[in-house]
Structures are given as structure tokens and as C-alpha cells.
Amino acid sequence: MISSRFLARLSFAVVAVFLAAPLVVIGAVSVNKKQMLNFPPQGFSIDWFAQIFTDPEWFRALIASLVLAALSAALAVAIALPLSWFLWRRDAPWARIFQVLGVAPFTLPPVITALGFLTFWAASGFYGQPWTAVIAHAIFFVTLPLVTLSLGFSSLDRSLVEAAAVMGADDRVVFRTVVLPLILPYAVSGYAFAFVLSLNEYIVAYMTIGFVMETLPIKIFNALRYGYTPTMAAVSFLIVTLTALVFAAIARFSDLPQLMGAMPAQNDGDIKATPSRD
Amino acid sequence: MRLALWRGTRSHLHDSFGLTMPGLELKGVTRDFGSIRAVNDVDLTVPNAHFVCLLGPSGCGKTTLLRMIAGLDLPTAGSIVLDGDDITHVPLHKRDFGMVFQSLALFPHLSVGENIAYPLRIRRMPRAEQKRRVEELLTMVHLSGYERRAVSQLSGGQRQRVAIARALSVSPRLFLLDEPLSALDAKLREAMQVELRQLQQRLGITTIVVTHDQREAMTMADTVIVMQGGEIRQAASPTDIYRHPADSFVADFIGSTNLLELVRGDGGPMLLGRPSRLALPYAMSRAIVSIRPEDVRITAPADDVPAGTVTFIRDLGGTVEYFIDVAGTEVIAVTTPHERRPVSIGAAVGLLLDPAHCVVLTR
Amino acid sequence: MRREAPRSWRDYLPLAFPAAMLIVFFVVPFGTMIVVSFFRRQQAGFYTPDFVFTNYARFLTPFFANVLGFSLWLAIAVAALSMIIALPFTYLLTRAPRRSQTAWLVALLSILALSEVIIGFAWSTLLSRTAGLTNLLVAVGLMDAPQALMPGFGAVLTAIVYQTLPYTILVLYPTMARLDPTLAESARTLGASPIRAFFTVVLPVQRTSIIATLIMAFIFALGSYLLPQILGRPQNWTLSVLITDQAIYQSNMPFAAAMAVFLVLVSLGLVGLTLLLGQQREKTS
């Protein structure tokens, strides 16, 4: 039993090293003193992190990314919320088609969605407008709040709504006073998922507005082709850290394993759940 | 906590030659989960061929104890010895025990026959012999011919039997069951209790069953072990546990009882405000007295017996329960319909508490 | 509260906005893409509305067949490798204490969310000659001289596995987490070693989920559009890379659209297969 525990520890360690290695390298490279990528790093400098804010191009890209992420995530939630509410409230099997439509872009290879939007915006004449990227990202990522919200709705106790209805509340009031407060955590985690993914997304953004403006991933890729600087590494490291922080925040305020599909946590947090643990 | 197993009047744990067989011994077994102590320093001996029930409420440590015996958990301290061999650190899959889980844990991707043959395959039993053994076991549990059935097609009782057959297929030294009948409905449960007991006696296999149902324990076990708070409160035969509970917890957990206070008064021990012939334990001014409702007799009020008022009568058809208030203490008496007392709610009555039926407890 | 069927038009109101958005901005773009795939391509990047099969006819060229074959083979290899690593790992993960699971889920989600650009950049750095793994080995003394481990098939494979592994683990996670722990425990009480219990009970019980995850991982790997470009040579390019290349650099929209349609059909077919498997599983359980 001891040796199998050792094997388990070992496999966790191996996977951890594999997953962390590239990120550690970026982190190390981003603090290199000279304007070259060296590993192990020679000298230490956080100049490259400062560059994100001082270099006008990088700063513009940073703002573009943040604005795009904030807006598209909001739009995604705005689409997902009424849809999941409708599916939960009403018995309308044909409406499931919209759920499928919501999930579809995400399950297909991203280049397809990107190309779809490219042809659409080109045909409709709006190609290049910044807001086209907002809509494209919102649709692309609508799956995420859709999934978290359906999880939230399925865990909603219908008798709460019934009680409110008995006390005289109609649908709108019920939604505002009973459903919304309870569903809010799931809406927030859906927003956070969409935000973080939008921040990282390259191909859809590139194909919709890539020739007009740069988001951070677009700028990093361009920098990849035209010259490596540690600023790229600094930006990448920043995005990785921000991504991890967002998910850590989600984990802090909700039951992340349950969100990802496990059974809800038992009261005894750390103790492994075994049946009838008397 | 040192436990005196021979609390009963008969020492029923010897074989026919009067020699004690070693059987399973637990010595100082403790299990901590972080700061929670689930099992506290338990000593226990289970002689061979005995049927033992670990009985107690949720969280008392009985399942944890069973899992440690099985090898699914490692004790934080203490040792587990089987027939003289220390098996505390023997890996689970080498212990050769048979275990039935509460969930039954039948493998859904295997047929009934394949489920039962699973441990035989691991031990590399020849195919032909496997087949023969599976047939033998299915016959033993009254499921002949079910080899090819899918597990999902079986009823609850049938799955029960398959789980039992599978656990017994290797003729294990210990047969362990964790709340095996909890998923069955009441009637089927009672039938299975009898069947399980008969099976065990026929095979002569040492069996330990975990249950929270005291009727189940009383039906099946040679020895009932009552647990609470990670400790053994009492281990004795069903009759002894009922008649001579070791403390008020056991008295209250098994069947129902009245727990009354025996106090030192001016003229001697007092029970319910009247002098009592019961003796207080040495140097103690208070004790708890347990008397079963069927042993409380209702009579006409008199000076020398406790007096009370009937507050409620519950006629359940097969029994009649009387709730009597004696100066703030509630006493319950039970009779059969044939011995119904001529009293109604509000009547003043006297209570006869025969000292022979009273058990004096220190805690 | 019972779910009632919608009665008045007012009941449909919540559905209006989402439905409109999804139809206008998802169905229509896809429709447009399908239509464009039949257009005729002109020089200088324009295309005229037409209805020709030339774009699809190009599928029959050896060049395309090569790319397609390579894409499928790469995706299969990635999916297989990811599964081999993910299966025991996810099982161990679901048996770990809840707090560890949460920490790992945060890490896995973070890498899953990570931009393909950043993954490509990170791996190109790690495998480079000046700032990578080999430099570390030289510094430690295990190697004489640093060398570039990219571009090449190995680099592409490793990076796409890196990208697909978190996805595979997270798709396996729900089923593994909900697996009855007493099944494996029971197998071990019956005499199976932990490894034997894993292969004879844990895996077979979930075989539908495992196959479905394999298919999902395959589709996911197919979608890698930058890593073959950054870490590989042109012979390592996949269909997704080709689509981006044709759409942007070669300005051949109709051909790109045709390939995209083809990719959609393949992916949808596989997703349909996964759903079918899921339904079959419902029937037998």
C-alpha cells in the first residue's frame, strides 16, 4: 500500500513538472536583463513588465484585450441567462435546439468559427469594426455561462419559486427576487470563464479585427514572427497569472470540483468521502 | 477501553472441548481522521465460527472498525491479529476475506457468473473448476442458472445474494458485511436476516456484520457489540444485552426503556420519591435505574409505591402503552391487549417496579 | 413547481434575445461560409458568387490528401497519448483530498484557457537552442552543447499533447469523480491488486465515457491551428493551419471555406457518434 501511494505521488509530480515547465521558462525568460531570451536567465530585471504599460503599442493591446474580454463576456452572459431561465422554467423540448446552438461553436475547431465570422462580416460589410469581435467572442464563448447557469438552475429548489408564486409573485418578480440572487454565483463564474478565455483567444479575434487592431495574443504572435523580446514573455506570464487568479477566485467562492462535474462536497471537507463512514 | 467480553452469565465463546480458539483479536485499535478520533483504543476478540454484530448509531465508528479489519483503512495505532498472525500491515488484497458492501458493489460490466468468478480468476483457478464453483455458489444462494444474467436485470434481493455468493467464493476466513440489508424493503430484510444466519451456521464461517438496526442484530448475532463514540459499550449475547445492559446508552439503544434516578435519601435509596429496595453502588449518592416498560406494573395508588397520573394512552393493537407522569418524570408502561388496565387519561395510579427487573447503572 | 409549456407569446419573451443572437450570429455565419465554399475564386483575393465544385475538387489532389492524412494521424496520436496519461492521472486525482483536487482543477483550467499563441511561444522557447531545456541540461552538466529540439514532428506532437491533456483530464473528470468507490474497494477485497483493480474494474465500467472522451480529444487536437506552424515545418501542417493559411495569406476564401465545411462535417459526425454512444449507455444501464 505504501508503494502504490509513492507511485501516485510520483505520477502527480511528473505531470506537474510537464505542465509547469513551459510556464516556468517563460517566467524565467521574462526577467532576463538583456533584450534577449536566455535560459537560465542572465541578470534580473522587471523592465519588461513595465514595458507593457510604457510602450504605447503594448499598452493599446492590453486595453483592447481587457475591453474585448469584459464586453464579450457580458454579452455572453446576457445571451445565456434568459436562455437557461427559459429552458428551466418552461417545458419546451424544441427550445433545446438553442442550447445545442449555444454549445456548438465551442465544440468545433476554433478556426471554423473564426472563418465563419470572417465570411459573415465581410459579406455584411461590417468587416473590421471593433464591435464585430465583441459579438464574435460572445457567441464563441456563450457555452461557458450556458453550462454554469444550467448547473445553477438544476440545483435550484423549485419549491422556492412555488412558495413565492403562492405569495403572489409573478414571473418577473420571481426572477428578480428569488432566482437572480441564487443564480448569481453561477452567472459570475460563467462570466469569469468567458472573460479569461476571451483574453487568451487568438484566431477569432485575428480573423475579425486582426488587421485593424491588436489584442495581446495577436501582438504576441506578431512579435513571434518579427522579433523575440522578453516583453512577449512578460505579457504571456502576466496573462497566465491573471488566468490562474481568476480560476482561483472562482474556486474560492464556489465548489469547483462540483462545477467540473464531481458530486457536491460532503461536510467533512478534507476527509475522503466513503459510504456510511461510521 | 478494556472490555470484559464475558459479561453474560454463560461463557458461550468456547468450542465444544472447552478450549478457546484464538479467532480475530483487535488490540488497542485506534483511528484518527485529523483531529477526529473515529475509533478509540478498541480491544475485541471474535472467536472462530461466531456471528458478531457491530451495532450503533451513525458515526459511532462501527464501519471504520470493519474497514480496518478488512484492510481498507490502516489503524492509527493498535494491531489486528487473526489466529495468532498479525495482519495489521498485510495488504488488503492478500487478506483472503470476503466482504459485502452496503452498495453491494457488483461489477456492472460483468455478468452474474463473471462477478462470482472474479476472485477465482485472480487466484488462477482452472476454468472448469471456476464453472463448477460458481454453480455450487449459485445453488447455495438459491440462484441456480443465473450465470449469464446481467446484474442490472436482477431484483434487490437477488443482487444481495450474488454479492454474498461472490464474497464467499474463496471460502474466506472472515466474512464481513457493511449494512448489507439496508437497501431491501422491510419484509425482504427480515427474510434475508434469517437466511444469512442459517447460511453462516451451515458454513461455520466467522462473520462480522455492521448494522444500525438493533432488531437485525438481535436476530442474527451470537454476540452483539454495541458501539458509541468510537468505543465499545458492551459486547454480549442478545439476551444478556437486553436483560443486563452495561450502561444507560445500551439500555436505551436496545429496545426501549425507562431511565430513572436512584438517589440517596434520609432513610435509604429513593426511587421516584419512594423508598426502594435497590442498593446504590458503593460510595455513590446517585445512580441510574433502567426498567423496561413491560416490567412496569400499574396498580391502584398506595402510599408505599410511586404515584403518578396517566397523561396518554397509545393503543397500537398488539400492545398498549401508558404514559404516566410521576412528579415531572415520564414513565412508560406497556401491556398486551389482554392485560389492559382499567384506567383512562387523568387517572391516578401506582407503579410496581420489581427490583428483580431493575438494572442499576453507574452511567 | 412543474414546468409548464409556454402558453402566451409573453411566455416566449425570455427566449427572444438569445434566439435572435444565436440565429443571426451563428447560423447565418455558418450558412454564409457554406455558401462561399461554392464560390469561384478570382485573382487578387476576390471571389465571385457562383456555384462551382472546384474548391471541393481540390480535396482529391495528393497535396490535400497528404495534409488530411497527416492531420488525422496527428490527432489520433495526440488523443491516444493524452488518454494514456490522463486515465491513471484522473483516477488518482478523483481519489485525492478535495482541497488537492481544487488546486489541480485551477491549474488544469488555467492551462486549458491559455492562448495557443502563448503555448506555442512557451514551447518554442523551451525547445530552443538559446533559452530552453537543453540550456538547462548544459548548465547542470548533463549535456555538452545546447541544441534546438524544434521545428519538427516531435515538438509539434509534444506541444499539442500539452494543449490537449488538460482538456482530456477535465472531460474524464465528471465520470471518474462519480464512480462508486466501493467498486474498486470490492475488487481489492476480492484479491485484486490496485493496478489489477484499475484495469479490470475501474476502466471497463467507464468504457463508454472513455471512448467518448477519446473522440472529444481527437476533435480538440484537430483544432490546433498555430502549434504546427510555430513548432513544425510545412510538412507538419494540419488542416486547421491550411485553412488559416488559405483564408489569410493566400486570400483564397472559397477553398478555405470548403475545407472548413469538411472539417465541420467530420467533427459533427464524431460528436454525433459520441452522443449515440451516450444514449446506448443509457439503455444498458
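Caption draft 1: Spatial organisation of the overall build of chain A. Within chain A one finds 13 helices and zero strands. Every one of the 278 residues in chain A was classed for burial, and the buried ones make up 46%. Counting only contacts in chain A whose residues sit at least 6 apart along the sequence, the fraction spanning at least 24 positions is 70%.

Caption draft 2: The arrangement of the overall build of chain C in detail. Each helix and strand counted, chain C has 13 helices and two strands in total. In terms of its C-alpha atoms, chain C occupies a principal-axis envelope of roughly 75 × 70 × 35 Å. Going through the 285 residues of chain C one by one, you find that 48% of them count as buried. Within chain C, residue pairs in contact and separated by at least 24 positions form 67% of the contacts whose partners lie at least 6 positions apart.

Caption draft 3: Main features of the interface of chain C and chain A. Tallying the contact residues gives 79 residues for chain C and 80 residues for chain A. The biggest single contributor to the side of chain C that touches chain A is helix α1 (residues 13–36) of chain C, with 16 residues. Here the side of chain C that touches chain A is built from residues that sort into 58 nonpolar, 14 polar and seven charged.

Caption draft 4: Summary view of the nonpolar core. Counting residues in each nonpolar core, the largest one holds 167 residues, and the members touching the most others are A76 and L115 of chain A together with A260 of chain C. If one sorts the elements of this core by residue count, helix α3 (residues 56–89) of chain A sits on top with 17 residues. Discounting chain neighbours no more than four positions away, the residues touching A260 of chain C are V111, I112 and L115 of chain A together with M33 and I243 of chain C. Within the second largest apolar cluster, 82 residues are counted, among which are V42, L120, Y146 and I208 of chain B.

Caption draft 5: Just the sheet that holds strand β1 (residues 24–33) of chain B, in detail. All names here are of chain B. Taken in spatial order, the four strands line up as β2-β1-β4-β5 in an open sheet, and their pairing is antiparallel. A single partner strand is all that each edge strand has here, and the edge strands are β2 (36–46) and β5 (85–86). Two elements, strand β4 (residues 77–82) and β5, share two bridges in a ladder whose sense is antiparallel. The residue of β5 that forms the bridge with L82 is D85. In the packing of helix α1 (residues 62–70) onto the sheet, the strands contacted are β1, β2 and β4, and the crossing angle to β2 comes to about 60°.

Caption draft 6: Highlighting the confidence of the model for chain A. This prediction gives chain A a mean pLDDT of 85; 94% of its residues lie at or above 70. Between residues 268–278 of chain A, whose pLDDT stays under 50, and residues either more than four places distant or in other chains, the model counts 25 contacts.

Caption draft 7: The arrangement of helix α5 (residues 186–203) of chain B in detail. Residues and elements named next belong to chain B. The end-to-end C-alpha distance of α5, which contains 18 residues, comes to 26 Å, matching closely the 26 Å that a straight helix rising 1.5 Å per residue would cover. Here α5 has its buried residues at R189, M192, Q193, L196 and Q200. Along the axis of α5, the buried positions cluster into a sector of 115°, meaning they face one direction only. More than 90 degrees from the buried face of α5, the exposed residues found are K187, V194, Q198 and R202. For α5, the secondary structure elements touched by its buried residues are β3 (51–55), α4 (156–168), β8 (206–211) and α6 (214–220). Where α5 ends, the next residue or the one after it, G204, has phi of about 65°, a positive value.

Caption draft 8: The arrangement of helix α12 (residues 239–249) of chain C in detail. All names here are of chain C. Within α12, eight of the 11 residues are buried, leaving the element largely enclosed by the surrounding structure. Taken together, the buried positions of α12 are occupied by L239, S240, V241, L242, I243, T244, Q246 and A247. Downstream of α12 by a residue or two, S251 has a phi angle that is positive, lying close to 50°.

Caption draft 9: Spatial organisation of the packing of helix α2 (residues 47–54) of chain A against α3 of chain A. Residue and element names in this part refer to chain A. Two numbers describe how α2 lies on α3: the axes approach to 5 Å, and their chain directions differ by 75°. When the axes of α2 and α3 are compared, the pair comes out roughly perpendicular. Residue-level contacts link Q51, I52 and F53 of α2 to W58, F59 and L62 of α3. Of the residues contributing to the contact of α2 with α3, the split by class is five nonpolar, one polar and no charged.

Caption draft 10: Highlighting unusual backbone geometry. A cis amide bond links M150 of chain C to the next residue, P151 of chain C, at an omega of -5°. Its place among the elements puts P151 of chain C in the loop between α6 (133–140) and α7 (153–177). With a phi close to 65°, H142 of chain B is a non-glycine residue in the positive phi region. With respect to the helices, strands and loops of the structure, H142 of chain B is situated in the loop between α3 (127–140) and α4. Classification of H142 of chain B as exposed rests on a count of 12 C-beta atoms within 10 Å. One non-glycine residue, A283 of chain B, lies in the positive phi region at around 60°. Mapped onto the elements, A283 of chain B comes out in the loop between β13 (274–275) and β14 (286–291). A count of 5 C-beta atoms within 10 Å places A283 of chain B in the exposed class.

Caption draft 11: How the structure looks around the pairing of β4 of chain B. Residues and elements named next belong to chain B. Judged from the five bridges that link them, β1 and β4 form a sheet pairing that is antiparallel. Each residue of the ladder has a partner; that of T30, found in β4, is A77. Between β4 and β5, which follow one another and run antiparallel, lie two residues, and D83 among them has a positive phi close to 50°.

Caption draft 12: Looking closely at the sheet that holds strand β12 (residues 268–271) of chain B. Residues and elements named next belong to chain B. Here we have five strands laid out as an open sheet, ordered β13-β12-β11-β14-β20, and antiparallel in their pairing. The open sheet is flanked by β13 and β20 (359–361), the only strands paired with a single partner. Bridge count for β12 against β13 is two bridges, and the pairing is antiparallel. What sits directly across from L271, in β13, is R274.

Caption draft 13: Fine view of the packing of helix α3 (residues 62–95) of chain C against helix α10 (residues 207–222) of chain C. Residue and element names in this part refer to chain C. Interaxial distance between α3 and α10 falls to 8 Å at its minimum, and their mutual angle equals 130°. By the angle class used here, α3 and α10 are oblique. Along this stretch, α3 crosses α10, giving a crossing that reads as right-handed. Contacts between α3 and α10 involve S71, A75, I76, V78, A79, S82 and M83 on the former and, on the latter, L214, A217, F218, A221 and L222. Tallied by class, the residues present in the contact of α3 with α10 amount to 10 nonpolar, two polar and no charged.

Caption draft 14: Region of the structure containing the pairing of strand β11 (residues 258–265) of chain B. All names here are of chain B. In this structure, β11 lies alongside β14, joined through six bridges in antiparallel fashion. Counted as the bridge partner of V263 is R286 from β14. Count of turn residues in the β11/β12 antiparallel hairpin: two residues.

Caption draft 15: Just the environment of F153 of chain C, in detail. Residues and elements named next belong to chain C. Tracing the sequence through the fold places F153 in helix α7. Linking F153 and A221, residues 68 residues apart in sequence, is a C-alpha distance of 14 Å. With residues near it in sequence (within four places) discarded, F153 still touches G232 and N236.

Rules of the game
Along each chain, residues carry numbers from 1 onward, in the same order as the chain's sequence is written. Both sets of labels track the order of writing: A upward for chains, 1 upward for ligands. Predicted model: local features are reported for residues with pLDDT of at least 70 only, side-chain atom pairs are reported and counted for 80 or more only, and whole-chain, interface and lining totals are derived from all residues. Put simply, DSSP H or I for four residues or longer makes a helix, DSSP E for two residues or longer makes a strand, and each gets a number counted from the N terminus. Residues with at least 20 other C-beta atoms within 10 Å of their own are called buried, those with 12 or fewer are called exposed, and the rest are partly exposed. The C-beta atoms themselves are positioned from the backbone. Any two residues are considered in contact once their C-beta atoms, placed from the backbone, lie within 7 Å. All residues other than Ala, Val, Leu, Ile, Met, Phe, Trp, Tyr, Cys, Pro, Asp, Glu, Lys and Arg, Gly among them, are scored as polar; the first ten of these are nonpolar and the last four charged. A set of buried residues drawn from Ala, Val, Leu, Ile, Met, Phe, Trp, Tyr and Cys, joined through C-beta atoms within 7 Å, is what defines a nonpolar core. What makes two strands pair is DSSP finding at least two bridges between them. Inter-axis angles, ranging from 0 to 180 degrees, are taken between N-to-C directions of lines fitted to C-alpha atoms, where helices are fitted over the stretch in contact. Scored from 0 to 100, pLDDT reflects the predictor's confidence in each residue. A helix is expected to span 1.5 Å multiplied by its residue count minus one. Relevant arc is that of directions from the helix axis to the C-beta atoms, nothing else. What sets the label is the angle itself: under 35 degrees gives roughly parallel, over 145 gives roughly antiparallel, 65 to 115 gives roughly perpendicular, and the rest give oblique. Helix crossings are classified by the rotation of the near helix relative to the far one: an anticlockwise turn of less than a right angle makes the crossing left-handed, while a clockwise turn makes it right-handed.

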